[in-house]
Amino acid sequence: MAKSILHLGLLLLFLLGTCRMIRSSDITDKVFGNIREGIVAAFGDFNSDEFTDVFVIGDKMTSLRILYGHYTEPLLRMGPYCEYDGKKIVSVIPGDFDGDAQMDVLINIKSSDGQAAYDVYINWGNTTELQCAHEPLFSSRGEVMAMDFNRDMIIDLYGLDSNNERTFWIFNSSRKAPEVRHQAEPTGLTSNTLAIPNANAYLDFNGDFLADLFLQTKDSYEVWYGVNERDKQENFSYKYEIKFQPIGRNDYHVGQAVFMDFELKGEQNIVVPFCIYANCRNSSIMVHDGMDFRILPVDFRDPLGVTWTFVPPDPDDIYLRTITARSGDFNLDGYPDLLITLQPLTVGKPTFTQTFLLENVACTSCHNPSKRTFEVRWNALSPMGNNTVAGAFYDFYQDGVLDVILIRKNQAGVYQPLAFLNTLDYDANFVKVIVLTGLDNKQNPERRTALGRKQRTYGTNLPGPRITYSTITQDGDQQCGSSVQLPQASYFALQLPYTCFGLGRTPNFVDKLTVGLGSKYRNFTQLIPNSQIIVVPKPLDSPSHWKAQLFVTPSKLILMSVVALGGTCLVIVFIILVLYIKEKREDKQERLQESHRFHFDAM
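Remember, it's a predicted structure, so these values are computed and weren't measured experimentally.

Calculation criteria
Residue indices follow the written sequence of each chain, beginning from 1 at its first position. Where local features are concerned, this predicted model is filtered to residues with pLDDT of at least 70; where side-chain atom pairs are given and counted, the filter is 80 or more; whole-chain, interface and lining totals use all residues. Remark: hydrogens and water are excluded; side-chain values derive from all non-hydrogen atoms of the structure. Each patch is built from residues lacking any salt bridge and having more than 30% relative accessible area; the joining distance is 9 Å for like charges and 5 Å for nonpolar side chains (Val, Leu, Ile, Met, Phe, Trp, Tyr). Note that accessible areas follow from Shrake-Rupley with a 1.4 Å probe, and for residues the cover is restricted to the protein chains shown. We count a salt bridge whenever a side-chain nitrogen from Lys or Arg sits within 4 Å of a carboxyl oxygen from Asp or Glu. In this text, helices come from DSSP runs of H or I with a minimum length of four residues, and strands from runs of E with a minimum of two, each type numbered from the N-terminal end. By the convention used here, strands pair only if DSSP detects at least 2 bridges between them. Axis definition: a line fit to C-alpha positions, over the contact stretch in the case of helices; interaxial angles, taken between N-to-C directions, run 0 to 180 degrees. Polar contacts here mean pairs of N or O atoms no more than 3.5 Å apart (in protein, one a potential hydrogen donor and the other a potential acceptor; neighbouring residues in sequence count only if both atoms are side-chain atoms). Contacts are residue-level and defined by heavy atoms, with any inter-residue pair within 4.5 Å sufficient. Cysteine sulfur atoms that come within 2.5 Å of each other are treated as a disulfide pair. The buried label applies to any residue whose accessible area, calculated with a 1.4 Å probe on protein chains only, is under 20% of its type's maximum; exposed applies above 50%, and partly exposed to all values in between. Working definition of a nonpolar core: buried Ala, Val, Leu, Ile, Met, Phe, Trp, Tyr and Cys residues. They are joined through side-chain atoms within 4.5 Å. What marks off one domain from the next here is an automatic or database domain assignment. Two aromatic rings from Phe, Tyr or Trp, using only the six-membered ring of Trp, form a pair when their centres are within 6.5 Å; if the ring planes differ by under 30 degrees the pair is stacked, by over 60 it is edge-to-face, and anything between is tilted.

Visitor: So what exactly am I meant to see when it comes to a nonpolar patch on the surface here?
Guide: A surface patch of nonpolar side chains, about 330 Å² in accessible area, is lined by Phe509, Ile528, Leu550 and Val552. With respect to the helices and strands, the residue Val552 is situated in strand β39 (residues 547-552).

Here it is, written out as structure tokens:
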């Protein structure tokens, strides 16, 4: 009997240890509830509750809806919305455009002046509701980009005005039309018009913790360095041009550039998907190593021998206007991966598209200096990737593991968001960093935590800060990485308003984390793995006074150990209870036998 009890206990421990392995990856109902339609357009923390909210375009692109992130199911819930009957919303940019430390929402509405003409509306927010705008502030050619021109922590914009002139729109606290300032033409270049669509970005290229401008034109990229002197007329100075060199052909498509620390060298690389021929039958990925673009040896042939290609730009599909890759560390090994949509190469018109994960892996066939490449994980998102037109990373359970939001498009042209849970089968560590504007507003409604502690908010998510880290791996090697918060906001970049660094299985402290913006920076040392750090850069000119709030997320290994320990204790208690009952029963039988025994001494 004791052996059977022992086997029962071992079976219980096995079930406890494997309960995660059988969890389903499709959690669409748990995340979106009864929401079955919508175009996921942007991410941000609208109500300042430290949960990432989702901004959705719905009702045939005539309404803006905010889905609040939540810690119980459904994980995304309906929030405020604005309706624009008779108009077509094409993009969304969240940010604080009036300096009241509360998130506002910019929308681009298609104008009647041309295909690439947009009217810019800003819906002013106050964490609980939206003041829906009825009149546009200005018009633009192509989508505008979010940035901070004068470093006052109020979001400004950059793009082409209605006359095709490069323009900065500088906002203040008045909620009136922004100040307009035109950008000078690049030195030595003429008629270098910005591309539409483009991959314009706001990030630090030269490592001085001062955000620069990365601009895409028809046949090149321009890099403008940020200028620190506030008394100069231009806050950006043109430095150099990066030319495209698509091996001499004219029928090619250059996708949207994405920025990542491709080889963990502490610097930002330009990663560009591109293809040759009108049907993209020859697709490749280029990485700029600081000197020139290099083509990575990515194999787009699946195990069945079918060749897949990028989807050629489709101006009628809001997600496929340009070839777009989105980056994030899916397996938390430290190297950023990609999500991208492919189609099978067939003789006729492809019948479907599918979103795949491209994992950043060590390259065995690369020539120096390249040491990494991407490998298509054909089954990583199966079967949810079928008939999808886009994918973006998102952390549903706020546990540091990046999950995936997929967008499915049916034959009627209706977009449906799907939720894919990343069931990472090993324990990996991470550090999550959020940099806020640092603005404060005493008129904001008071919020309290679950323990009754007063919760203060310090503004909204800020584009442009540079974050770097260094740590020691299990092998004793130094691991360094870098990232930029929200470098891109237009053309459905779908970037998260924070940075999540994967640390692999390294349980060591993060030796140094550096956060910098406006040419100022601060180092934070000895950070605990699996932690979230919120940095408040206030005042900007005094980094030693910047605030940092640290929150620790328990490791899955710790949680599994607690579950296993609890299960072991229950098994031991069960065994002791059974043995105790067995002993009591044997004692009772022994007393009965003793009472019925014949005593010869009594005769």
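Visitor: Explanation requested: the sheet that holds strand β16 (residues 236-243) in the structure shown.
Guide: Hydrogen bonding along the main chain pairs the strands of a sheet, whether they run parallel or antiparallel. Spatial strand order, β13-β14-β15-β16: four strands in an open sheet with antiparallel pairing. Among the strands making up the open sheet, the edge pair consists of β13 (201-203) and β16. Averaged over neighbouring strand pairs, the angle between their axes works out to 20° when direction is ignored. Pairing between strand β15 (residues 220-226) and β16: seven bridges, direction antiparallel. From the neighbouring strand, Glu222 faces β16, where its bridge partner is Glu241.

Visitor: Could you clarify how one ought to interpret the side chain of Thr471 in this entry?
Guide: Here Thr471 lies in strand β33 (residues 466-472). Here Phe509 takes part through its backbone oxygen, which lies 3.0 Å from a polar atom of the side chain of Thr471. Those residues in contact with Thr471 that lie beyond four places of it in its chain are Asp477, Gln478, Gln479, Leu503, Thr506, Asn508, Phe509, Val510 and Asp511.

Visitor: Would you explain the state of the cysteines in this entry?
Guide: Cysteine pairs can be linked by a disulfide, which is a covalent bond between their two sulfur atoms. As enumerated under the stated definition, the model contains two disulfides in all. Two residues share a disulfide in this structure: Cys82 and Cys132, whose sulfurs sit 1.9 Å from each other. Torsion about the S-S bond of the Cys82 and Cys132 cystine: about -90°, corresponding to left-handed handedness. With a gap of 50 residues between them, Cys82 in strand β4 (residues 76-83) and Cys132 in the loop between β8 (130-131) and β9 (138-147) connect regions that are remote in the sequence.

Visitor: Can you help me understand the sheet that holds strand β27 (residues 388-394) in this one?
Guide: In spatial order, the strands read β27-β28-β29; together these three strands make up an open sheet with antiparallel pairing. Unpaired on one side and paired on the other, β27 and β29 (415-420) mark the two borders of the sheet. Looking at each pair of strands side by side, their axes are set apart by 25° on average, direction ignored. Taken together, the six bridges between strand β28 (residues 403-409) and β29 define a ladder with antiparallel strand orientation. Paired with Ile405 across the two strands is Ala419, which belongs to β29.

Visitor: Looking at this model, I keep getting lost on the side chain of Gln532. Mind explaining?
Guide: Inspection of the secondary structure assignment puts Gln532 in strand β38 (residues 531-536). In terms of polar contacts, Gln532 uses its side chain to reach the side chain of Lys432, at 3.4 Å. When sequence neighbours within four positions are dropped, the list of residues in contact with Gln532 reads Glu50, Lys432, Ile434, Gln549, Leu550 and Phe551.

Visitor: How should I be thinking about the pattern of salt bridges in this particular structure?
Guide: Two side chains bearing opposite charge may form a pair once their charged atoms approach each other closely. The final tally for this structure, using the stated rule, is 14 salt bridges. One salt bridge connects Arg65 with Glu37, and the closest N-O pair in it is separated by 3.4 Å. Here Arg65, found in strand β3 (residues 63-69), pairs with Glu37, found in the loop between α2 (28-32) and β1 (39-44); they are 28 residues apart in sequence, far enough to count as distant. As a salt-bridge pair, Asp98 and Arg175 come within 2.7 Å of each other at their nearest N and O atoms. Taken together, the residues span a long stretch of sequence, with Asp98 in the loop between β5 (89-95) and β6 (104-110) and Arg175 in the loop between β11 (166-170) and β12 (179-182) at a distance of 77 residues. For Asp98, a relative accessible area of 4% puts it in the buried group. The network of salt bridges with shared partners includes Asp98, Asp100 and Arg175.

Visitor: Looking at this structure, how should I read the nonpolar core?
Guide: The nonpolar side chains of a soluble globular protein tend to be buried, and buried together. Ranked by internal contacts, the top residues of the largest apolar core, which has 72 residues, are Phe43, Val92, Val105, Ile107 and Tyr319. Looking at which domains feed residues into this core, each of domain 1 (24-430) and domain 2 (431-556) gives three or more. Apart from residues no more than four positions distant in its own chain, Ile107 is found in contact with Leu64, Tyr84, Ile89, Ser91, Val92, Asp119, Val120, Tyr121 and Asn123.

Visitor: Looking at this structure, how should I read the pairing of strand β25 (residues 354-362)?
Guide: Along any regular strand, the residues point their side chains to alternate faces of the sheet. The element β25 is largely enclosed, with a buried count of eight among its nine residues. Alignment of strand β24 (residues 337-344) against β25, held across five bridges, turns out to be antiparallel. Its bridge partner lying in β25, Leu339 is registered against Leu357. Of the pairings in the sheet, the one linking β25 to strand β26 (residues 372-377) comprises six bridges and is antiparallel in character. In the sheet register, Val361 faces β26, and the bridge partner there is Thr373.

Visitor: When you look at the packing of aromatic side chains in this model, what are you seeing that I'm missing?
Guide: Two numbers describe a pair of aromatic rings. These are the distance of the centres and the angle of the planes. Here the structure, examined in full by the defined rule, presents 30 aromatic pairs. Seen in terms of ring centroids, Phe43 and Tyr394 are 5.4 Å apart; in terms of plane orientation they differ by 50°. Their pairing is tilted. Of this pair, Phe43 sits in strand β1 while Tyr394 sits in strand β27, and the two are 351 residues apart along the sequence. According to the relative accessible area criterion, Phe43 is buried, its value standing at 5%.

Visitor: Which parts of the structure should I look at to understand unusual backbone geometry?
Guide: Leave glycine aside and you will find that most residues have negative phi; peptide bonds, for their part, are mostly trans. The residue after Glu73, namely Pro74, is reached through a cis peptide bond having omega -5°. Looking at where Pro74 falls in the secondary structure, it is placed in the loop between β3 and β4. Of the consecutive residues Ile196 and Pro197, the connecting peptide bond is found in the cis state with omega at -5°. Relative to the assigned elements, Pro197 resides in the loop between β12 and β13. In this model, Met61 sits at a positive phi of 70°, which is unusual for a non-glycine residue.

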